Amino acid sequence: MKQTIIIPRVSEKAYAQSADGVYVLRVPLNLNKNEIKSAVEAQFGVTVVKVKTLVQDGKAVRFSRGKNRYPGTTTRKDWKKAYVTLKEGDKLDVFDAVEQQMEETK
């Protein structure tokens, strides 16, 4: 199996869900749920219980070349988001730096 790079999404919503053992990851479009599960287990060394996926449509972007000349629109690339539920007791070290900063400020 080839190496697949999976990137954790760092946002407030993802941080809130990580308390329940659900992590939000950005994955390649061509992976299915079984491939995502095996890639997460191999990359992070955790046990995956459940995977939910969705394809996020690319946003429409307006552009122009010059002042009021040749205006147009294009779209950004679509990408896939995976909500991965881990086994009780497992966790990813995505938000450890944020938690350490919060403890230091207290």
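The rules we used
Residues numbered from 1 in each chain as written. Predicted model: local features only at pLDDT ≥ 70, side-chain atom pairs only at ≥ 80, totals over all residues. Heavy atoms only, no water. Helix = DSSP H or I, 4+ residues; strand = E, 2+ residues; numbered from the N terminus. Buried < 20%, exposed > 50% of the residue type's maximum accessible area, 1.4 Å probe, protein only. Polar contact = N/O pair within 3.5 Å; in protein donor to acceptor, adjacent residues only side chain to side chain. Contact = heavy atoms within 4.5 Å. Pairing = 2+ DSSP bridges. Axes fitted to C-alpha atoms, helices over the stretch in contact; angles between N-to-C directions.

(A) Expanded view of the overall build of the protein chain. Assigned secondary structure in the protein chain consists of 3 helices and 6 strands. Counted from the first residue to the last, the protein chain has its helices and strands arranged as β-α-β-α-β-β-β-β-α. Once the C-alpha set of the protein chain is aligned to its principal axes, its extents read approximately 60 × 45 × 20 Å. The buried share among the 106 residues of the protein chain stands at 25%.

(B) Quick peek at the side chain of S18. Tracing the sequence through the fold places S18 in helix α1 (residues 12-18). Assessed through its relative accessible area of 13%, S18 is described here as buried. Within the structure, the side chain of S18 is placed 2.6 Å from the backbone oxygen of Y15, a separation counted as a polar contact. Contacts of S18, omitting those with residues within four sequence positions, involve Y23 and F95.

(C) Highlighting the pairing of strand β2 (residues 22-27). For β2, the tally of buried residues reaches 5 of 6 residues, placing the bulk of the element in the interior. When strand β1 (residues 7-8) meets β2, the two strands line up antiparallel, connected through 2 bridges. Each bridged residue has a counterpart across the sheet, and for I7 the counterpart in β2 is R26.

(D) The arrangement of the sheet that holds strand β3 (residues 48-56) in detail. In spatial order, the strands read β1-β2-β6-β3; together these 4 strands make up an open sheet with antiparallel pairing. The two strands at the open ends of the sheet, each matched to only one other strand, are β1 and β3. Summarising the sheet, β3 and strand β6 (residues 79-86) pair through 8 bridges and their orientation is antiparallel. Residue K50 lies in a different strand from β6, and its bridge partner there is T85. Contacts from helix α2 (residues 33-44) reach β1, β2, β3 and β6 within the one sheet, and its direction differs from that of β3 by about 120°.

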